[in-house]
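Fold and geometry: a report
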Amino acid sequence: MKYVKPTINRVDFNLASKYGSPLKTQRIKNDIDGVNVKELTETFGSPLFVFSQRQIEEKYNEFKEAFSSRYPEVEFWWSYKTNYLDAICKVFHNLGSKAEVVSEFEYQKARHLGIEGKDIIFNGPYKPKEALKVAVEEGAKIHIDHWYEINDLEEIAEELGREIPVTIRCNMDTGVYPAWSRFGFNIDNGEAYDAVKRIFEGKKLILTGLHSHIGTFMLSTEAYKNETIKLIKLKNKIEEDFGFNIEYIDVGGGFASKNRLKGIYQPPEVIVPTPDEYAEAITNAIYEYNKGKLPKLYLETGRALIDEAGYLLTTVFASKRLPDGKKSYIVDAGVNLLYTAFWYNFEIFLDKRYEGLNEPSQINGPLCMNIDIINENIMLPPLDRGTVMTIWPVGAYNVTQWMQFIRYRPAVVLIDKDSNPHLIREKEDLSDIIRREKLPDYLK
Ligand SMILES: Cc1ncc(COP(=O)(O)O)c(C=O)c1O
């Protein structure tokens, strides 16, 4: 027998504390939509992002049903920044979603997928004039963020010799703090009204919509009610004062997914509103306050539609005992791939049942960085090298905000509705990194 240095470990009797009972059983997940996780990593490598088309469609249909059953004209605009892999965007577009982008790069990505300009909303505080002009020429919906952009658009209107339909982005107090006030024009202090007046007087732009994105992971349906009331009241006033016809109001994104925010002890099933609850708050506010023709209702929902359809498979590479007695598992996926690990406590599943007592453990990524922690405090049984863990839900904002830092980015797979896995992004290698680098002759 090999000598192992003795340690004293806390034995977990699964007694309840003031936070409730610890997990009594190991959480096991050995397949995603019927495809074995170990086989997935053997075929495509580890770590591996896996998306379920079935779950994307189920969630999309749930939200669509919640809104369309309450309101006549609802449109979904897929928020590219949440996840702009071609295959994922295509799944949403095939379901009927249009595109919402916040940069010329995202705009080009939507166009490369065949989305017409008229089916793209161009949001964001930084729209270089050349990019703005292309979007205008192609008929995209331009959501103005600030005064400079009004000037830029008027210049473009002059250059093109025609009026440009535009929407303004608004911000406001919705009762949730801190308020997102840095985008668009403030409604409460009259700035949004002044911006409309300025647009009216400039005579080169035509206001056709009002937009606001009040924040992200919004747990309050009341905030959406307040947002909608303020947008609709502004719409009524603008139509009356300036004669503009506001065709749509866009309430943005921000609905919460079933992820577990750090510092919030209640489970997502308890605190995250259902699609019906969000829809009820928004549509009731329109019905109650709208004067004149009902506007179309646009939604730019991101994370709530994709987060739970995304999984990250990671493999245990080594373990060690930390000086405080805690077990540390080193796995092959870290915060380079899971940017959102800084504010979420993900669910961690094991590929099979492991013998032995649960003990306090932490899961560390492969980076040579002290902050590379996926989970700081989790009860785990002794795990072997090669154990595959499934981290969930990770579908939103990770495959866009992942970093090529220290390690290559891994492959991404989409499992179709017949349980066939498809490679939708290859894992990177050295050629991806050095392709754009130049070594000056004098250094060769
Ligand atoms: C303008 C805009 N619309 C939509 C979204 C999507 O938000 P979420 O993923 O919270 O639904 C964002 C994200 O920040 C955004 O900035």
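Per chain, residue numbering runs from 1 following the sequence as it is written. Reporting of local features is limited, given that this is a predicted model, to residues whose pLDDT is at least 70; pairs of side-chain atoms are given and counted only at 80 or more, and all residues count toward the totals for whole chains, interfaces and linings.

Observations regarding the overall build of the protein
Spelled out, the test is: Elements are defined by DSSP. Helices are runs of H or I of four residues or more, strands are runs of E of two residues or more, and each kind is numbered from the N terminus. The reference for a compact globule is 2.2 Å times residues^0.38; the radius of gyration itself is calculated from the C-alpha atoms. Three classes are used. A residue is buried when 20 or more other C-beta atoms lie within 10 Å of its own, exposed when 12 or fewer do, and partly exposed in between, with C-beta atoms placed from the backbone. Residue pairs are scored as contacts if the distance between their C-beta atoms, which are placed from the backbone, is within 7 Å.
Scanning the protein from N- to C-terminus turns up 13 helices and 20 strands. Here the C-alpha atoms of the protein give a radius of gyration of 25 Å, agreeing with the 22 Å that 2.2 N^0.38 yields for 444 residues. With the C-alpha coordinates aligned to their principal axes, the bounding extent of the protein is approximately 85 × 65 × 40 Å. Burial statistics for the protein: of 444 residues in total, 40% are counted as buried. For the protein, the share of sequence-separated contacts (at least 6 apart) that also reach a separation of at least 24 residues comes to 69%.

Looking at helix 8 (residues 221-242)
Applicable threshold: Each helix should span, by expectation, one fewer than its residue count multiplied by 1.5 Å.
The terminal C-alpha atoms of helix 8, which comprises 22 residues, lie 31 Å apart, in line with the 32 Å expected from a rise of 1.5 Å per residue. Taken residue by residue, helix 8 has Ala223, Tyr224, Glu227, Thr228, Lys230, Leu231, Ile232, Leu234, Lys235 and Ile238 as its buried positions. Its buried side turned inward, helix 8 meets strand 8 (164-171), helix 7 (191-202), strand 10 (205-211), strand 11 (248-250) and helix 10 (275-289). Looking at the residues trailing helix 8, positive phi occurs at Gly243, about 75°.

Some details on the site of the ligand
Stated formally: The rule is simple: place the C-beta atom from the backbone, and if it lies within 6 Å of a molecule or strand, the residue is near it. Note that Gly is not counted as nonpolar here; it falls among the polar residues with everything else outside the nonpolar set of Ala, Val, Leu, Ile, Met, Phe, Trp, Tyr, Cys and Pro and the charged set of Asp, Glu, Lys and Arg.
Residues in contact with the ligand amount to 15 residues; listed here are only the nearest, Thr216, Gly253, Glu300, Gly302 and Arg303. Class assignment for the residues of the shell around the ligand results in two nonpolar, 10 polar and three charged.

Observations concerning the domain arrangement of the protein
The cut-off we apply is this: Each domain's extent is set by a domain assignment, obtained either automatically or from a database.
Domain annotation for the protein reports domain 1 (31-50 + 308-433) and domain 2 (123-301). Each of domain 1 and domain 2 was reduced to a C-alpha centroid, and the two centroids are 37 Å apart. Between domain 1 and domain 2, the contact holds six residues from the first and six residues from the second. Along the lines of polarity and charge, the residues of the side of domain 1 that touches domain 2 split into four nonpolar, one polar and one charged.

Looking at the pairing of strand 20 (residues 421-425)
Within a regular beta strand, the side chains point alternately toward one face of the sheet and then the other, so they alternate between its two faces. Short version of the rule: Any two strands with at least two DSSP bridges between them are considered paired.
Of the strand pairs in this sheet, strand 19 (residues 411-415) and strand 20 are connected by four bridges, and their pairing is antiparallel. Across the sheet, residue Val413 finds its bridge partner in strand 20, namely Leu423.

Structural notes on the nonpolar core
To keep it simple, the criterion reads: In this description, a nonpolar core means buried residues of the types Ala, Val, Leu, Ile, Met, Phe, Trp, Tyr and Cys, linked to one another by C-beta atoms lying within 7 Å.
Ranked by internal contacts, the top residues of the largest apolar core, which has 110 residues, are Val50, Ile168 and Ile391. The contact partners of Ile168, leaving out residues within four places of it in the chain, are Ile144, Gly184, Phe185, Ala192, Ala195, Val196, Leu207 and Leu210.

Things to note about unusual backbone geometry
For the bond running from Ser46 to Pro47, omega is 0°, close enough to zero to count as cis. Topologically, Pro47 is positioned in the loop between helix 1 (37-44) and strand 3 (48-52).

Quick notes on the environment of Thr390
Tracing the sequence through the fold places Thr390 in strand 18 (residues 388-392). Classification of Thr390 by C-beta neighbours within 10 Å gives buried; the count is 24. Between the alpha carbons of Thr390 and Arg27 there is a distance of 9.9 Å; along the sequence they are 363 residues apart. The contacts of Thr390, once residues within four sequence positions are left out, are Lys29, Val37, Tyr311, Leu313 and Phe349.

Some remarks on the confidence of the model for the protein
As a note on interpretation, predicted positions should not be read in detail where pLDDT is low. Condition: pLDDT: the predictor's confidence for each residue, scored from 0 to 100.
Confidence in the prediction of the protein, expressed as mean pLDDT, is 95, and 96% of residues score 70 or more. When pLDDT is averaged over each element of the protein, strand 6 (residues 120-122) comes out on top at 99 and strand 17 (residues 373-380) at the bottom at 93.

Some thoughts on the packing of helix 2 (residues 53-68) against helix 10
As a reminder, the rule being used: Axis lines are fitted to C-alpha atoms, over the contacting stretch for helices. Their N-to-C directions set the angle, which ranges from 0 to 180 degrees. Comment on the angle field: the value is read as roughly parallel under 35 degrees, roughly antiparallel over 145, roughly perpendicular from 65 to 115, and oblique elsewhere. Note on convention: near helix rotated counterclockwise from far helix by under a right angle means a left-handed crossing. Clockwise means right-handed.
Two numbers describe how helix 2 lies on helix 10: the axes approach to 8 Å, and their chain directions differ by 30°. As judged from the angle between their axes, helix 2 and helix 10 are roughly parallel. Considering how the two elements wind past one another, helix 2 and helix 10 form a crossing that is right-handed. Of the residues in helix 10, those in contact with Glu62, Phe63, Ala66 and Phe67 of helix 2 are Pro275, Asp276 and Ala279. In terms of residue class, the contact of helix 2 with helix 10 is built from five nonpolar, no polar and two charged.

Considerations on helix 2
Three- or four-residue spacings in an α-helix give side chains the same orientation, since the helix completes a turn every 3.6 residues. What counts, and what does not: The arc in question is the one spanned by the directions pointing from the helix axis to the C-beta atoms.
Spanning 16 residues, helix 2 covers 22 Å between terminal C-alpha atoms, matching the ideal 22 Å at 1.5 Å per step. Listed as buried for helix 2 are Gln53, Gln55, Ile56, Lys59, Tyr60, Phe63, Ala66 and Phe67. Buried positions in helix 2, seen along its axis, are confined to an arc of 170° and lie on one side of it.

Considerations on the pairing of strand 19
Within strand 19, five of the five residues are buried, leaving the element largely enclosed by the surrounding structure. Here strand 19 shows no split at all, with Ala411, Val413 and Ile415 on one side and Val412 and Leu414 on the other all buried. Direction of pairing for strand 3 relative to strand 19: parallel, over a ladder of five bridges. Paired with Ser52 across the bridge in strand 19 is Ile415.

Some remarks on the packing of helix 8 against helix 10
The interhelical angle for the contact between helix 8 and helix 10, taken along N-to-C directions, is 25°, at an axis separation of 8 Å. Classified by the angle their axes make, helix 8 and helix 10 are roughly parallel. The element helix 8 and its partner helix 10 pack so that their crossing is right-handed. From helix 8, Thr221, Tyr224, Lys225, Thr228, Ile229, Ile232 and Lys233 reach across to helix 10, where they touch Glu277, Tyr278, Ala281, Ile282, Ala285, Ile286 and Tyr289.

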